[in-house]
Amino acid sequence: MSMLRFCNQIRNNAPHSLRLSRLIHSLQFATVKADEISGSQPAEVQNLVQGKWMTGSNWNTILDPLNGESFIKVSEVDENGIKPFVESLTKCPKHGLHNPFKSPERYLLYGDVSAKAGHLLLTPEVADFFTKLVQRVSPKSYTQAYTEVYVTGKFLENFSSDQVRFLARSFGVPGNHLGQQSNGFRWPYGPVALITPFNFPLEIPLLQLMGALYMGNKPVLKVDSKVCIVMEQMLRLLHACGMPMEDVDFINSDGGTMNKLLLEGNPRMTLFTGSSRVADKLAYDLNGRIKLEDAGFDWKILGPDVHEVDYVSWVCDQDAYACSGQKCSAQSLLFMHENWGKTSLMQQLSSLAGRRKLDDLTIGPVLTFTTKAMLDHKNNLLRIPGSKLLFGGEELENHSIPSIYGAIKPTAIFVPLEQILKKEHYDLVTKEIFGPFQIITEYKDSQIPMVLEALERMHAHLTAAVVSNDPLFLQDILGKTVNGTTYVGLRARTTGAPQNHWFGPAGDPRGAGIGTPEAIKLVWSCHREVIYDVGPVPNNWQIPPST
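Position numbers for residues count from 1 along each chain, tracking the sequence in the order it is written. Whole-chain, interface and lining totals are the exception, using all residues; otherwise, since this is a predicted model, local features are given only for residues with pLDDT of at least 70 and side-chain atom pairs are given and counted only at 80 or more. Hydrogens and water are ignored here; the side-chain numbers use all heavy atoms of the structure.

**Some points on the pattern of salt bridges**
A side-chain nitrogen of Lys or Arg and a carboxyl oxygen of Asp or Glu constitute a salt bridge if their distance falls within 4 Å. Scanning the entire structure with this criterion turns up 23 salt bridges. Its salt-bridge partner being Asp128, residue Lys132 comes within 3.2 Å of it at the nearest N-O pair. Of this pair, Lys132 and Asp128 both sit in helix α5 (residues 124-137), 4 residues apart, roughly one helical turn. With relative accessibility at 25%, the residue Lys132 sits in the partly exposed group. For the purposes of this entry, the term helix denotes a DSSP run of H or I that reaches at least four residues, the term strand denotes a run of E that reaches at least two, and both are numbered from the N terminus. Partly exposed describes any residue whose relative accessible area lies between the buried limit of under 20% and the exposed limit of over 50%, with all areas from a 1.4 Å probe on protein chains only and scaled to the type maximum.

What follows is the structure, given as structure tokens:
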């Protein structure tokens, strides 16, 4: 055997991790360099349909949220261009690309894809690439952006190997006679759609997309055009790790075009993450065939037992202002027991907020509210009797953030609890401002029913926190609230959900979860019962009288 043939054989038989490391080192899947995207070197984003990357004649120019330069060109499909996407959806049968009786080897395929992708994503060079890419389009600190990449990688590791087919685990129940047995199966919907927002451009779309694929569905994915480059690059990584090109369609478009695609393509289920207004419209248009993770006006209660003021202050600052408050789980309303008002909590919250600066993106652009809109909201709140500005409430200094976005300092406004509950104020106080903005109020023991009334009147029930180690207090609050992801105890928070527990709202039959086996099965599959009744028919059986 020649030395060349011998070396080739060694290479071909090398462990997958060794061969994968060469791919990792070169970032061969990537078509952009995160560090080089700029107005002088704009990146381009394509669409994917029926296994082929494509561009059209319509280009949407995305402005750099930090300086206003045109730094990304997105090829967008208009209403005249949706036909290939409609055809792709309609080609997928209702029983999906795989199910327990059809192509079960695809469960193993996606276990392998997840293993490879998780390994690849968490390799330092690739993790740094995606971290910086997230920062470019949804500016946040490196730590916050890296955490998003890390959680995504750990999710993929969680669903490696046999874990995908375990999602489709069935059960059997003995029947009434010999040969009869009922079996329950998790069944795909077939053609499905995902619409995801800007604030977590990798984690939200990737976790939901993989859940759809694991269960046997054929998804079309639309991500907010401002950040869609992140998932475009992630799809290329998944293809490099063995995902079939035809399994996912990826469309960039405006809202009207996507709505038309949903109506004509008729997906059997749509997952929407975003505003309540759009969520309600889609629920109507799609006749209820939808799962939602919509608005999050999230609350935190500091209980009567005071502990670890430094730590609680830091968590409150993180919950309200990390990612510039642009988390659906961000702390929007803080109920502070009067005992906390006697500590240094408020002083520390102001000091911690003051540490945040644009230079390291611990505060940054707000992508869905303008500076004027947020300052107008502040002024409206300050007209409420007894309200006062605690800190912030001003535009960021020395910035070049374009006027279509927002740029304000971390802001907190105190509003008396009695005023919050008044009909003329409640909607204003509980309006979600997707930015570094929170309301703080104070309550006494005798006012706990008022706090609970304020919570009962809210319409969004995503995350919440009860900061207390008093078991009776916790029991009372938990028994009278509904938020789907609720943290309790001294270290309770509202943000920073990892990949190892359910994240999603409660109190709404349309509510979607993310990240766990239970969430995947709830959102991306339905129940199918198959009853076997194979006999034998009893000896001497005769046709009975009619009934």
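**Notes on the packing of aromatic side chains**
Two rings belonging to Phe, Tyr or Trp (six-membered ring only in the last case) form a pair when the distance between their centres is within 6.5 Å. Interplanar angles under 30 degrees mark stacking, angles over 60 mark edge-to-face geometry, and anything in between is tilted. Counted by the stated rule, this structure contains 12 aromatic pairs. Both rings, one in Phe155 and one in Phe159, keep their centres 5.0 Å apart while their planes meet at 50°; by these two values the pair is tilted. By relative accessible area, Phe155 is classed as buried at 0%. Accessibility expressed as a relative area gives 4% for Phe159, which makes it buried. Relative to Tyr214, the ring of Phe155 has its centre 6.3 Å away and its plane inclined at 25°; by these criteria the two rings are stacked. With Phe155 in helix α6 (residues 142-158) and Tyr214 in helix α8 (residues 203-214), this residue pair connects regions lying 59 residues apart in the sequence. With respect to class, Phe155 is no different from Tyr214; both count as buried. Members of the aromatic cluster, connected to one another through ring pairs, are Phe29, Phe129 and Phe130. Taking the ring centre of Trp59 as reference, the NZ or CZ of Lys73 above it sits at 5.2 Å. Counting as a charge over the ring demands two things of the Lys NZ or Arg CZ atom: a distance within 6 Å of the ring centre and an angle within 35 degrees of the ring normal. Between Arg457 and the ring centre of Tyr426, over which it is positioned, the NZ or CZ distance is 4.2 Å.

**Structural notes on unusual backbone geometry**
The residue after Gly535, namely Pro536, is reached through a cis peptide bond having omega 15°. Summarising the element assignment, Pro536 is placed in the segment after β20 (526-533). Phi angles above zero are rare outside glycine, and Gln50 is one such case at about 50°. Relative to the helices and strands, Gln50 resides in the loop between β2 (47-49) and β3 (52-54). Gln50 sits in the partly exposed class, given a relative accessible area of 28%.

**Structural notes on the environment of His239**
Following the sequence through the fold, His239 ends up in helix α9 (residues 228-240). For His239, a relative accessible area of 14% corresponds to the buried category. Taking the C-alpha atoms as reference points, His239 and Asp359, 120 residues apart in sequence, are found 36 Å from one another. When sequence neighbours within four positions are dropped, the list of residues in contact with His239 reads Leu48, Trp53, Pro244 and Met245. Contacts: residue pairs with any heavy atoms within 4.5 Å of one another.

**Concerning the side chain of Ser141**
Relative to the helices and strands, Ser141 resides in the loop between α5 and α6. By relative accessible area, which is 12% here, Ser141 ends up buried. Setting aside its immediate chain neighbours within four residues, Ser141 contacts Gln135, Asp360, Leu361 and Thr362.

**Observations regarding the side chain of Thr463**
With respect to the secondary-structure elements, Thr463 resides in strand β18 (residues 463-467). Between N or O atoms, a polar contact is any pair within 3.5 Å; within protein, one atom must be a potential hydrogen donor and the other a potential acceptor, and residues adjacent in sequence are included only when both atoms are from side chains. Here Ser329 takes part through its backbone oxygen, which lies 3.3 Å from a polar atom of the side chain of Thr463. Beyond its immediate stretch of four places on either side in the chain, Thr463 contacts Asp298, Trp299, Ser329, Asn483, Thr485, Thr494 and Phe503.

**Topic: the packing of helix α4 (residues 105-121) against α8**
Every axis in this analysis is a line fitted to C-alpha atoms, fitted for helices over the stretch in contact. Angles between the N-to-C directions lie between 0 and 180 degrees. The interhelical angle for the contact between α4 and α8, taken along N-to-C directions, is 155°, at an axis separation of 10 Å. In terms of their interaxial angle, α4 and α8 are classed as roughly antiparallel. Every residue of α8 that contacts α4 at Tyr107, Tyr110 and Ser114 is listed here: Met210, Leu213 and Tyr214. Following the grouping adopted for this structure description, the nonpolar residues are Ala, Val, Leu, Ile, Met, Phe, Trp, Tyr, Cys and Pro, the charged ones are Asp, Glu, Lys and Arg, and the polar ones are all others, Gly among them. Classifying every residue of the contact of α4 with α8 by side-chain character gives 5 nonpolar, 1 polar and no charged. Geometric relationships in this document are graded by angle, where less than 35 degrees denotes roughly parallel, more than 145 denotes roughly antiparallel, 65 to 115 denotes roughly perpendicular, and other angles denote oblique.

**Quick notes on the sheet that holds β20**
Any two strands between which DSSP finds at least two bridges are classified as paired. The 3 strands are arranged β6-β7-β20 in an open sheet whose pairing can be described as antiparallel. The outermost strands of the open sheet, each flanked by one partner alone, are β6 (171-174) and β20. Neighbour-to-neighbour, the strand axes of the sheet open up by a mean angle of 20°, direction not taken into account. With 8 bridges joining them, strand β7 (residues 180-187) and β20 adopt antiparallel strand pairing. The residue of β20 that forms the bridge with Asn183 is Val530.

**Considering the confidence of the model for the chain**
Predictor confidence is given residue by residue as pLDDT, running from a minimum of 0 to a maximum of 100. Taken residue by residue, the chain gives an average pLDDT of 94. The fraction at 70 or more is 95%. Counting contacts from residues 1-25, a segment whose pLDDT is below 50, to residues more than four positions away or on other chains yields 19 contacts.

**Concerning the pairing of strand β9 (residues 218-223)**
Most of β9 sits out of view: 6 of its 6 residues are buried. Residues Lys218, Val220 and Lys222 point to one face of β9 and Pro219, Leu221 and Val223 to the other, with burial holding for every one of them. Note that strand β8 (residues 191-196) and β9 share 6 bridges and pair parallel. Across the sheet, the residue bridging to Ile195 is Lys222, located in β9. The β-α-β motif built from β8, the intervening α8 and the parallel element β9 has right-handed crossover chirality. Handedness of the crossover joining β9 and strand β10 (residues 249-250) through α9: right-handed. Place the viewer so that the strands point away; then a crossover is right-handed whenever the path from the first strand over the helix to the second strand goes clockwise.

**Some details on the sheet that holds strand β14 (residues 331-337)**
With mixed pairing, 7 strands are arranged side by side in an open sheet as β15-β16-β17-β14-β13-β18-β19. The open sheet has two free edges, formed respectively by β15 (388-391) and β19 (485-488), since each of these has just one partner strand. The sheet shows a mean angle of 20° between the axes of neighbouring strands, direction not considered. As paired strands, β18 and β19 are joined by 4 bridges and run parallel to one another. The residue bridging Ala464 from the neighbouring strand is Thr486, located in β19. Against the sheet, helix α15 (residues 371-381) contacts β15, β16 (411-414) and β17 (437-443), and its axis sits at roughly 20° relative to β17.

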